[in-house]
Amino acid sequence: SRANIESLNLKASLENELSVTKAKLLKSELKINSLESSIEAKTKENSELMIICDELIHKMDRKS
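So, how was this worked out
- Residues numbered from 1 in each chain as written.
- Predicted model: local features only at pLDDT ≥ 70, side-chain atom pairs only at ≥ 80, totals over all residues.
- Heavy atoms only, no water.
- Helix = DSSP H or I, 4+ residues; strand = E, 2+ residues; numbered from the N terminus.
- Buried < 20%, exposed > 50% of the residue type's maximum accessible area, 1.4 Å probe, protein only.
- Salt bridge = Lys/Arg side-chain N within 4 Å of Asp/Glu carboxyl O.

What follows is about the environment of Glu 36. With respect to the secondary-structure elements, Glu 36 resides in helix α1 (residues 2-63). Using a relative accessible area of 42% as the deciding quantity, one classes Glu 36 as partly exposed. Along the chain, Glu 36 and Glu 17 lie 19 residues apart, while their C-alpha atoms are 28 Å from each other.

Structure (structure tokens):
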């Protein structure tokens, strides 16, 4: 009887720990997705700024 109770307590504890670990994993995955989206946006912005800079440099070269 006591062994059964200890076994149930251990099982409940492990299930709780598993739930917490799954929640942490989900949180980490969401953060990774957010950071990946941010990187993509910054990369696109950087490319657009480089194009603008190239155009400005080209215009300045033509004026010289």
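Here the narrative resumes, following the displayed structure.
With that settled, consider the pattern of salt bridges. Per the stated rule, a full pass over the model turns up two salt bridges. Residues Glu 6 and Arg 2 are paired through a salt bridge, measuring 3.3 Å at the closest nitrogen-oxygen approach. You can see Glu 6 and its partner Arg 2 sitting in helix α1, four residues apart, about one turn around the helix. The exposure class of Arg 2 is exposed, given its relative accessible area of 66%. With a shortest N-O distance of 3.9 Å, Lys 42 and Glu 45 are connected by a salt bridge. With a gap of three residues between them, Lys 42 and Glu 45 both fall in helix α1, about one helical turn apart. By relative accessible area, Lys 42 is classed as exposed at 52%.

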